[in-house]
Amino acid sequence: MKTKINNLSVFTSGDTNSRPIIFVHGFPFDHRMWDAQIEELSKYYHCITYDIRGLGESPAGDGQFTMDWFVDDLETIIDELKLNRPVLCGLSMGGYISLRAMERMEVKFRALILCDTKALADDNAGKIKRAEGIKSINESGVENFVEQFVPICFSENFRIKNKPEYEEVLIRSKSNSPIGVKGCLLAMAGRTDTTNYLPNISIPTLIISGEKDKLTPPLVMKSMADQINNSEFYVVDEAGHMAPLEAADMVNEKMRSFLAEYSKP
Ligand code: MLT
């Protein structure tokens, strides 16, 4: 089912009486990156996902976004849908949102799943890359930016072996609003570092890392897992930065066993 909350497109599936899981997608993608997880997990859980402000079907407005505004949106969705301590699952930028949400309101969540993400904020080189991204969108358009950025997110193997699926993601990403994509780049460049909060996370946490992830490599994710007390670290063989999409079966199985332990259907 599709609904609008705060003008954002929110998608729900599964039995509303089941335990909730809320999925937060990465950049520059949309809620559909979680299709395979939702198809499987909505048999047992109430699954909620949404398009982050500025991406997919959610409006870009003037593109003046901050990471904290993204967290405000997440909180509004949880409150409006009256979700009782959902499991929070975020990938990459969705993970940045999730980690900031932990700092702000961990008590609202039952468990945490972090996929291909990190707690570290952008360093100077990272901020300069964001600036170059914005410049390239201004000069050559969002399609060109997506052409350069999205291939890095997937393993070469996936791009070759799953061409139609990969091309579909590429086309969808290119259709994002340039203002929205630039707004997300600004929000990511300006986000705070959540590393200091990691030892305070007390809810069960599953950390999923694509073996071939070039953006948030397994070593970075392992170091994050080491700082979270109640955490489990899982590497997905051969997958890149988009592990839930590239290796859906493996990721679904891992999520299911983690959820069976910490958030029984
Ligand atoms: C993402 O997948 O959300 C992005 O790679 C995050 C980033 O650019 O830092």
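Residues numbered from 1 in each chain as written. Predicted model: local features only at pLDDT ≥ 70, side-chain atom pairs only at ≥ 80, totals over all residues. Heavy atoms only, no water.

*Asks:* Looking at this structure, I do not really get the site of the ligand. What am I missing?
*Replies:* In the vicinity of the ligand, the contacting residues are Gly26, Phe27, Ser92, Met93, Tyr96, Arg130, Phe149, Met188, Leu215 and His241. Side-chain polar atom of Tyr96 to an oxygen atom of the ligand: 2.5 Å apart, as the coordinates give it. Here an oxygen atom of the ligand sits 2.8 Å away from a polar atom, N or O, in the side chain of Arg130. Protein chains bury 95% of the 270 Å² of accessible surface belonging to the ligand in isolation. Each residue belonging to the shell around the ligand can be placed in one class, and the counts come to 6 nonpolar, 3 polar and 1 charged. (Near = heavy atom within 4 Å. Polar contact = N/O pair within 3.5 Å; in protein donor to acceptor, adjacent residues only side chain to side chain. Areas by Shrake-Rupley, 256 points an atom, 1.4 Å probe, with all protein chains shown as cover. Nonpolar A, V, L, I, M, F, W, Y, C, P; charged D, E, K, R; others polar.)

*Asks:* Just checking my understanding: could you explain unusual backbone geometry for this structure?
*Replies:* Generally, phi is negative for residues other than glycine and the peptide bonds are trans, each holding for most cases. A cis amide bond links Phe27 with the next residue in sequence, Pro28, at an omega value of 0°. Topologically, Pro28 is positioned in the loop between β3 (20-24) and α1 (35-41). One non-glycine residue, Asn6, adopts positive backbone phi at about 60°. Considering the arrangement of structural elements, one finds Asn6 in the loop between β1 (2-5) and β2 (8-13). Non-glycine residue Asp116 carries a positive phi angle of around 40°. Looking at the element boundaries, Asp116 is found in the loop between β6 (111-115) and α4 (124-140). Residue Asp116 is classed as buried on the basis of its relative accessible area, which comes to 0%. (Helix = DSSP H or I, 4+ residues; strand = E, 2+ residues; numbered from the N terminus. Buried < 20%, exposed > 50% of the residue type's maximum accessible area, 1.4 Å probe, protein only.)

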